[in-house]
Amino acid sequence: MSDRPCYGLVDAHHHVWNLDRRPQPWLDETTHGPIRRSFGMTDLRMTATRTISGRRLERTVVVQCVASLPETRELLALAERDPLIGGVVGWVDLTSLAIGDMLDTLRAGPGGSCLRAVRHIVQGEPDPGWLQRPVVESGLRTVRDQGLGYDVLISAHQLPQAIRLAERVPGLPLVLDHAGKPPIADGDLTDWERQIRLLAGHPQVRCKMSGLVTEADHEKWEIGDIRPVWDVLLSAFGPKRLMFGSDWPVCRLAGGWNAWAATVEELLHDCSGTETRAILADTATEFYRLSPR
């Protein structure tokens, strides 16, 4: 079979925000100055100009930034208007007894059919067992029962929570955002690798190749800093459970969309055409149930 690309590129993780409409308090961190402005789909189209293995950007998944139902409604409405967006990862209150009603309302509104998964910013929760709270597990079972996935946003030290989640809520499709934020800048990946391999032992878990450059030295990172992480992920998950994501515009803090795309293309050098297609399109298309443009 030919290794020529059959499908375009899917960016499985990016953000948009309008600061005139909705504040983003997390941007107040001193290091976030370069992205402390509004970003929309036009900015992404103008930025994402580089191909990866001959594939141009064809579909995206836009992901929530704040714990806000109005933001999720806005993202869904945007997805209905913009054909580049194939799916939305929104937010609902996983601790609410009314979570089922919240999901029903979102899906009945403009763009509601684009809701593919939900996410909570667990990395900001001080409780080391937040994902194991009974009310949270109940909420995630409702997410599962409504046919949605869950994006796991955690820091490396919280990986045990994700492992327990995979064990305790069977049948819930999970995708690990930003590979669990490996401590690339610190240089010691030992504990992260051990936890990643345990998590990858659960077949319902996928992993995003995203957000890695912002875990490295923003100014001095190079592909040699990323490759050890890539080697672990490829070995643990295999290409059919990995998906490309840019984490745009956050990736602007450490080189930007095109710099990350060039790095991913180099990392994919030894992959077959089928493996490359899985990472760049097929895994995300399957997980988020993306339709062709």
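Residues numbered from 1 in each chain as written. Predicted model: local features only at pLDDT ≥ 70, side-chain atom pairs only at ≥ 80, totals over all residues. Heavy atoms only, no water.

A. The packing of aromatic side chains, seen in detail. In the structure shown here, the tally under the stated rule is 5 aromatic pairs. Note on Trp17 and Phe39: the rings are 5.6 Å apart at their centroids and 80 degrees apart in plane angle, and the pair reads as edge-to-face. Residue Trp17 is located in the loop between strand S1 (9–14) and helix H1 (41–47), and its partner Phe39 is located in the loop between S1 and H1; the two are separated by 22 residues in the primary sequence. Of the two residues, Trp17 and Phe39, neither departs from the other in class, the shared state being buried. Between the aromatic rings of Phe244 and Trp257, the centroid separation amounts to 6.0 Å while the plane-to-plane angle is 80 degrees, which identifies the pairing as edge-to-face. Here Phe244, found in strand S8 (residues 242–244), pairs with Trp257, found in helix H8 (residues 257–267); they are 13 residues apart in sequence, far enough to count as distant. One exposure class covers both Phe244 and Trp257, and it is buried. Ring pairing ties together the aromatic residues Trp17, Trp26, Phe39 and Trp248, which thus form one cluster. (Phe/Tyr/Trp six-rings, centres within 6.5 Å; stacked < 30°, edge-to-face > 60°. Helix = DSSP H or I, 4+ residues; strand = E, 2+ residues; numbered from the N terminus. Buried < 20%, exposed > 50% of the residue type's maximum accessible area, 1.4 Å probe, protein only.)

B. The environment of Gly86, seen in detail. Among the secondary structure elements, Gly86 is positioned in strand S3 (residues 85–90). Of the residues examined, Gly86 reaches a relative accessible area of 5% and is grouped as buried. Separated by 75 residues in the primary sequence, Gly86 and Asp11 place their C-alpha atoms 9.8 Å from one another.

C. View of the state of the cysteines. All told, the structure shown has 0 disulfides when counted by the stated rule. In this structure Cys65 is a free cysteine whose sulfur lies 13 Å from that of Cys251, the closest cysteine sulfur available. (Disulfide = S-S within 2.5 Å.)

D. Inspection of the pairing of S3 at higher detail. A large share of S3 lies buried, amounting to 6 of its 6 residues. Direction of pairing for strand S2 (residues 57–63) relative to S3: parallel, over a ladder of 4 bridges. Along S3, the bridge assignment pairs Val62 with Val88. Taking the sense of rotation as the criterion, the β-α-β connection linking S2, helix H2 (residues 69–81) and S3 turns out right-handed. When S3 meets strand S4 (residues 115–121), the two strands line up parallel, connected through 3 bridges. Of the residues in S4, the one forming a bridge with Gly90 is Val118. (Pairing = 2+ DSSP bridges. Right-handed = clockwise from strand over helix to strand, strands pointing away.)

E. Structural context of unusual backbone geometry. Of the consecutive residues Trp248 and Pro249, the connecting peptide bond is found in the cis state with omega at 0 degrees. Tracing the backbone through its elements, the reader meets Pro249 in the loop between S8 and H8. Phi at Ala179 is positive, roughly 55 degrees, even though this residue is not glycine. Considering the arrangement of structural elements, one finds Ala179 in the loop between strand S6 (174–176) and helix H6 (190–200). A residue is classified by how much of its surface remains accessible, and Ala179, at 0% relative accessible area, is buried.

F. Fine view of the environment of Trp257. Take Trp257: its relative accessible area is 1%, and that puts it in the buried class. For the pair Trp257 and Thr49, spaced 208 residues apart in sequence, the C-alpha to C-alpha distance is 8.6 Å. Not counting chain neighbours up to four residues away, the residues in contact with Trp257 comprise Leu9, Asp11, Leu44, Thr47, Ala48, Arg50, Leu57, Phe244, Ser246, Trp248 and Cys251. (Contact = heavy atoms within 4.5 Å.)

G. Inspection of the nonpolar core at higher detail. Leu94, Tyr150, Trp192, Leu233 and Trp257 are the most contacted members of the largest nonpolar core, which has 87 residues in total. A per-element tally of this core places helix H7 (residues 223–237) first, with 7 residues. With 13 residues, the next largest nonpolar core counts Val61, Ala117, Met243 and Ala284 among its residues. (Core = buried A, V, L, I, M, F, W, Y, C linked by side-chain atoms within 4.5 Å.)

Functional significance is not addressed by these values, which are geometric in nature.
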